[in-house]
Amino acid sequence: METRYRHLFLAVGGLLTMLWSGSGLASETIGESLRSEPIIQPEIARREIEDIDIDEEDFEVGLFVGFLSIEDFGTDVVYGARLAYHVTEGIFMEMALGRSEAGETSYETLSGDIQLLPDEDRKYTYYNLSLGYNLLPGEVFISDQFTFNSQFYLIGGIGSTHFAGNDEFTVNIGAGYRLLLTDWVALHLDLRDHMFDSDLLGEEKTTHNLEYHAGLTLFF
Amino acid sequence: MLRSLLLLVGLLPLWVLAVEDDLRVQITAPYVEMHTGPGSGYPIDYVVERGEWVSILKRRTDWFKVRTRKGKQGWVFLDQMQQSRLSDGTVLHIESLSAQSFQERDWEMGFHGGEMDGAALLNLYAGYAFSPNLSAELSLTQALGNFSSEYLLDLNLLSEPFPEWRFSPFFTLGGGMIHTSPNATLVQTEDRTDSTAHVGLGLRVYLTRRFYVRGEFRHYTVFTSRNENEEFNQWKLGIGTFF
């Protein structure tokens, strides 16, 4: 029984293969005859349409380093990365990731060996999504040799902060200064206030965590 | 140091190639103003006359960096740049972005802020348009509650019946996962992951160029392993861009 089915399958398979290769052969011959004898010889040469390919540089990517003052926990180094997209000459959207580490509260320093937070919870990580506006475009003149374009911008957005084992909804507002060394390399100076509600030290309050940093970005 | 030098040397031929490939156009407008920077606030420090040839070096938003034959460089605005022609005499066609371009988009992306079941939320999304009316979206949401953090990964279809309207409503339907992780200060529950389904409706308002604002309401159902399913609502407002 089984061999009969196998034979049947083989026969059908063989037939299909023959049909398929046969039809391929047939269409190839027809195609060949068409190609060798064109019915109408085109008289107009086809117009070459130039593909306009202009290098668009609306994205800006970079790294930054600076200081973050974590409320009640002192000031420490912060570093991170940012990616921005320039929507118009004025408006840009920015995504940033930053990392810092909290120091000791004054209570911890004074009391000696009391620790409010274990070391692994002192890591401060944030990300944010912000909208910026280039408020004051300008130029900077350094001696009579160099002129650089610059922009003073206002920026604000929302994000999340991971600190002391909690994720907190964070609002950031700030301002920055972008100095364009060339068309595609920029220096940034940025001042930002990261605000979130925290009940870490007993009562719930809005903490202000001020950050200032310098950064280098590339447009692409 | 050595590696970056090597990289520079390696890139040099590419740069030379790019210089050779500059797009050259002839100005057909009576005159074209060259600004010192890519913005209307930057002063005009050079004027190119009709008939002159310039090379277009790059574009930033709606501004074009050009170089004249004498080597003078500056930035020209889109509507003046459009009044020029290529070496074969055809008009330089540059896409000026409008609400119409949104209907021809392939990709869009943006972010939202909002509220979900009493918790603040952050949402990042990207979408692909199959047609002006139908697109698929992938979105990642973090909801930050007092007692827990929730992460949502959603895949949804979005139908926009009137994409040509400036205020364009849309409907959405999809499903995904929700992951709940309690805050460190509470040590009673474990992390858990459940699947979800949602329906929603929203409004998109086109603003300018590649920029729009959009708001959305979604109703979620969570299929839990416990006895009853959970339901909650989500509101969000955000901005986006498209390509």
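See above for the structure.
These figures come from a predicted structure and were not determined experimentally.

1. Some words on the interface of chain A and chain B
Link 1 in the chain: Taken together, the contacts link 41 residues of chain A with 47 residues of chain B.
Link 2 in the chain: Counting the surface lost from both chain A and chain B, the interface buries some 3600 Å², and carbon and sulfur atoms represent 58% of this.
Link 3 in the chain: The tally of links from chain A across to chain B stands at 5 salt bridges.
Link 4 in the chain: Between A:Asp58 and B:Arg209 there is a salt bridge, with the nearest N and O atoms lying 3.6 Å from each other.

2. Some thoughts on the environment of B:Ser149
Link 1 in the chain: Within the fold, B:Ser149 resides in strand 11 (residues 148-159).
Link 2 in the chain: Assessed through its relative accessible area of 1%, B:Ser149 is described here as buried.
Link 3 in the chain: Each C-alpha atom of the pair B:Ser149 and B:Asn183 lies 6.8 Å from the other, and the pair is 34 residues apart in sequence.
Link 4 in the chain: Residues in contact with B:Ser149, not counting those within four places in the same chain, are A:Asp167, B:Gln142, B:Ala143, B:Leu144, B:His179, B:Thr180, B:Ser181 and B:Asn183.
Link 5 in the chain: Side chain to side chain, B:Ser149 and A:Asp167 meet in a polar contact 3.0 Å long.

3. Concerning the nonpolar core
Residue and element names in this part refer to chain B.
Link 1 in the chain: Core analysis: the largest hydrophobic core is formed by 18 residues, its most contacted members being Val 25, Ile 56, Met 81 and Leu 92.
Link 2 in the chain: Considering every element that reaches this core, the biggest residue donor is strand 1 (residues 23-27), with 3 residues.
Link 3 in the chain: Leave out the neighbours within four places in its chain, and Met 81 touches Val 25, Val 54, Ile 56, Phe 64, Val 66, Val 76, Leu 92 and Ile 94.

4. Some remarks on the pairing of strand 3 (residues 91-101) of chain A
Residue and element names in this part refer to chain A.
Link 1 in the chain: When strand 2 (residues 75-86) meets strand 3, the two strands line up antiparallel, connected through 9 bridges. Looking at strand 3, one finds that Gly 80 is bridged to Gly 98.
Link 2 in the chain: Here strand 2 hands over to strand 3 after 4 residues, the two strands then running antiparallel side by side.
Link 3 in the chain: Here strand 3 runs beside strand 4 (residues 123-142); their pairing, made up of 11 bridges, is antiparallel. Note on strand 4: the bridge partner recorded for Met 95 is Leu 129.

5. So, the sheet that holds strand 11 of chain B
All names here are of chain B.
Link 1 in the chain: Within the closed barrel, the 8 strands sit side by side as 8-9-10-11-12-13-14-15. Their pairing is antiparallel. Direction aside, neighbouring strands of the sheet carry axes that sit 25 degrees apart on average.
Link 2 in the chain: Relative to strand 14 (residues 211-223), strand 13 (residues 192-208) runs antiparallel, the two sharing 13 bridges. If you follow Arg 204 over to strand 14, its bridge partner there is Arg 214.

6. So, the environment of A:Gly138
Link 1 in the chain: Tracing the chain through its elements places A:Gly138 in strand 4.
Link 2 in the chain: For A:Gly138, a relative accessible area of 19% translates into the label buried.
Link 3 in the chain: With 41 residues separating them along the chain, A:Gly138 and A:Leu179 place their C-alpha atoms 9.3 Å apart.
Link 4 in the chain: If we skip the residues at most four places from it in the chain, A:Gly138 touches A:Phe148, A:Asn149, A:Ser150 and B:Tyr42.

7. Quick notes on the pattern of salt bridges
Link 1 in the chain: Inspection of every chain in the model, using the stated rule, returns 27 salt bridges over all chains.
Link 2 in the chain: In this structure, A:Arg192 and A:Glu94 form a salt bridge, with 3.3 Å as the shortest nitrogen-oxygen distance. Here A:Arg192 is found in strand 7 (residues 185-198), whereas its partner A:Glu94 is found in strand 3, with 98 residues between them in sequence. Exposure class is identical for A:Arg192 and A:Glu94. Each is buried.
Link 3 in the chain: When the shortest N-O distance is used, the salt bridge between B:Asp194 and B:Arg192 registers 3.9 Å.
Link 4 in the chain: By relative accessible area, which is 11% here, B:Asp194 ends up buried.

Cut-off values and rules
- Residues numbered from 1 in each chain as written.
- Chains lettered and ligands numbered in written order.
- Predicted model: local features only at pLDDT ≥ 70, side-chain atom pairs only at ≥ 80, totals over all residues.
- Heavy atoms only, no water.
- Contact = heavy atoms within 4.5 Å.
- Buried area = accessible area lost by both parts, 1.4 Å probe.
- Salt bridge = Lys/Arg side-chain N within 4 Å of Asp/Glu carboxyl O.
- Helix = DSSP H or I, 4+ residues; strand = E, 2+ residues; numbered from the N terminus.
- Buried < 20%, exposed > 50% of the residue type's maximum accessible area, 1.4 Å probe, protein only.
- Polar contact = N/O pair within 3.5 Å; in protein donor to acceptor, adjacent residues only side chain to side chain.
- Core = buried A, V, L, I, M, F, W, Y, C linked by side-chain atoms within 4.5 Å.
- Pairing = 2+ DSSP bridges.
- Axes fitted to C-alpha atoms, helices over the stretch in contact; angles between N-to-C directions.

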